[in-house]
Amino acid sequence: MKCKKCGKNAITYLKPYRIALCKDCYVDFYKNLVRRSINRFKILKRGERILASVSGGKDSSAMASILKELGYDVELLYIDLGIGEYSKVSEKAVRDLARDLDLDLNVVRLKDYGFTISDVEISKVCSACGISKRYIMNRFARENDFDVVATGHTAEDVVVFYIKNIASGSKVWAEKLLPRVEGFDKFVTKVKPLYEMSEKENLLYVICKEIPHTLEECPHAPNPDWKEIVYEIERRKPGFVKNFVRGIVKEEKPMKIMHCKICGEVSSGEVCAFCKLRMKYCRSKA
Ligand code: Q46
Ligand code: ZN
């Protein structure tokens, strides 16, 4: 198989685009895809200070690298959740990433809030982890004058989230599915620069560019059933995932703003979900 652009030996065939590419042409192709996607959905504005939340995994490492490559003003944030060996391996990958990309790295440790994810009962781990990450990203970004928080969510993440919501009968929270959600009150703007990119495309990019990342999975990673269903549809109908995310339409949802009576952050109740976690798990009961 030859590269369609330059005729060298191809390393991949991208079904949604029906194109075979060599390593160098793939890197250019990926860069153009992300650039066009950021423009199409107005995901980022020039001059914005971006806090890129990185986990050491392929997707957020690809995001950090491409944002730097595209000339954005970006710093990294790593949140140490205290998940044993996994957190250690992840932090090492993130430190290598920051060094190779020459980007400033900020590290926040959940244990400094009095608990870690290892203190949470197994059935609630991912929910507690999600709450903690969102809280820390938002608060750190605001307190350090960042304009946006960028996360490495992929097109598959968005599709799985959408389908799971529908399948469980709950109303889809549309904002979580959008590539850019404007900040308000104490919320900083959240963006997903890899909104249209697939995991395979991100992995290929980090491999081609030799960008530090780890393939180590969190020991609490949920059952991959839903993701496998999405992969299977994509296998049978190439382009499904990209078409799906493009088709997601914004649902406006008025939201009543309240502030947590303990920490003052935006909350849907009197006490925010993060402070409830702290009250339950904080060792010092501070
Ligand atoms: S939520 Fe759950 Fe992830 Fe947190 S506990 Fe691990 S698997 S890291 S994206
Ligand atoms: Zn080529």
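In this report, the structure presented in the accompanying data block is examined.

**Side note on the packing of helix H2 (residues 58–69) against helix H6 (residues 199–208)**
Okay, so step 1: Where H2 contacts H6, the two axes come as close as 9 Å, and the packing angle between them is 65°. In terms of orientation, H2 lies roughly perpendicular with respect to H6. Note on packing geometry: the crossing formed by H2 with H6 is left-handed. Listed contacts from H6 to Lys-58, Asp-59, Ser-61, Ala-62, Ser-65, Ile-66 and Glu-69 of H2 are Glu-199, Asn-202, Leu-203, Tyr-205 and Val-206.
Okay, so step 2: Its residues assigned to classes, the contact of H2 with H6 shows five nonpolar, three polar and four charged.

**Brief notes about the pattern of salt bridges**
Okay, so step 1: Scanning all chains against the criterion turns up 25 salt bridges.
Okay, so step 2: Residue Asp-59 pairs with Lys-58 through a salt bridge whose shortest N-O separation is 3.1 Å. For the pair formed by Asp-59 and Lys-58, the shared burial category is buried.
Okay, so step 3: Two residues, Glu-232 and Arg-235, come together in a salt bridge whose shortest N-O distance is 2.9 Å.

**Structural notes on the coordination of the zinc ion (ligand 2)**
Okay, so step 1: Taken together, the protein donors to the zinc ion (ligand 2) comprise Cys-3 (SG), Cys-6 (SG), Cys-22 (SG) and Cys-25 (SG), at separations of 2.2 to 2.4 Å.
Okay, so step 2: Around the zinc ion (ligand 2) sit four donor atoms, and with donor-metal-donor angles ranging over 99 to 115° the site reads as tetrahedral.

**Details of the packing of aromatic side chains**
Okay, so step 1: Under the defined criterion, the tally for this structure stands at 13 aromatic pairs.
Okay, so step 2: On the basis of an interplanar angle of 45° and a centroid distance of 6.1 Å, the ring pair of Tyr-26 and Tyr-30 is categorised as tilted. Taken together, the residues span about one helical turn, with Tyr-26 and Tyr-30 both in helix H1 (residues 23–40) at a distance of four residues.
Okay, so step 3: The buried category is assigned to Tyr-26, whose relative accessible area is 1%.

**Some words on the pairing of strand E4 (residues 73–80)**
Okay, so step 1: Among the eight residues that make up E4, seven are buried, leaving the element largely enclosed by the rest of the structure.
Okay, so step 2: By the bridge criterion, five bridges tie strand E3 (residues 49–53) to E4 in an arrangement that is parallel. Bridge pairing links Leu-51 to Glu-75 in E4.
Okay, so step 3: The parallel pair E3 and E4, bridged by H2, forms a crossover whose chirality is right-handed.
Okay, so step 4: Crossover connection from E4 via helix H3 (residues 84–101) to parallel strand E5 (residues 105–109): handedness right-handed.

**What to know about the pairing of E5**
Okay, so step 1: In E5, alternate side chains face the same way, and those of Asn-106 and Val-108 are buried while those of Leu-105, Val-107 and Arg-109 on the opposite face are not.
Okay, so step 2: As judged from the five bridges shared by E4 and E5, these two strands associate in the parallel manner. Looking at the pairing, Leu-76 lines up with Leu-105 of E5.

Reading the values: rules and limits
- Residues numbered from 1 in each chain as written.
- Chains lettered and ligands numbered in written order.
- Predicted model: local features only at pLDDT ≥ 70, side-chain atom pairs only at ≥ 80, totals over all residues.
- Heavy atoms only, no water.
- Axes fitted to C-alpha atoms, helices over the stretch in contact; angles between N-to-C directions.
- Helix = DSSP H or I, 4+ residues; strand = E, 2+ residues; numbered from the N terminus.
- Parallel < 35°, antiparallel > 145°, perpendicular 65-115°, else oblique.
- Left-handed = near helix turned anticlockwise from the far one by under 90°.
- Contact = heavy atoms within 4.5 Å.
- Nonpolar A, V, L, I, M, F, W, Y, C, P; charged D, E, K, R; others polar.
- Salt bridge = Lys/Arg side-chain N within 4 Å of Asp/Glu carboxyl O.
- Buried < 20%, exposed > 50% of the residue type's maximum accessible area, 1.4 Å probe, protein only.
- Donors = N, O, S within 2.8 Å, 3.2 Å for Na, K, Ca; no water.
- Tetrahedral: all angles 85-135°; square planar, octahedral: opposite > 155°, others 65-115°.
- Phe/Tyr/Trp six-rings, centres within 6.5 Å; stacked < 30°, edge-to-face > 60°.
- Pairing = 2+ DSSP bridges.
- Right-handed = clockwise from strand over helix to strand, strands pointing away.

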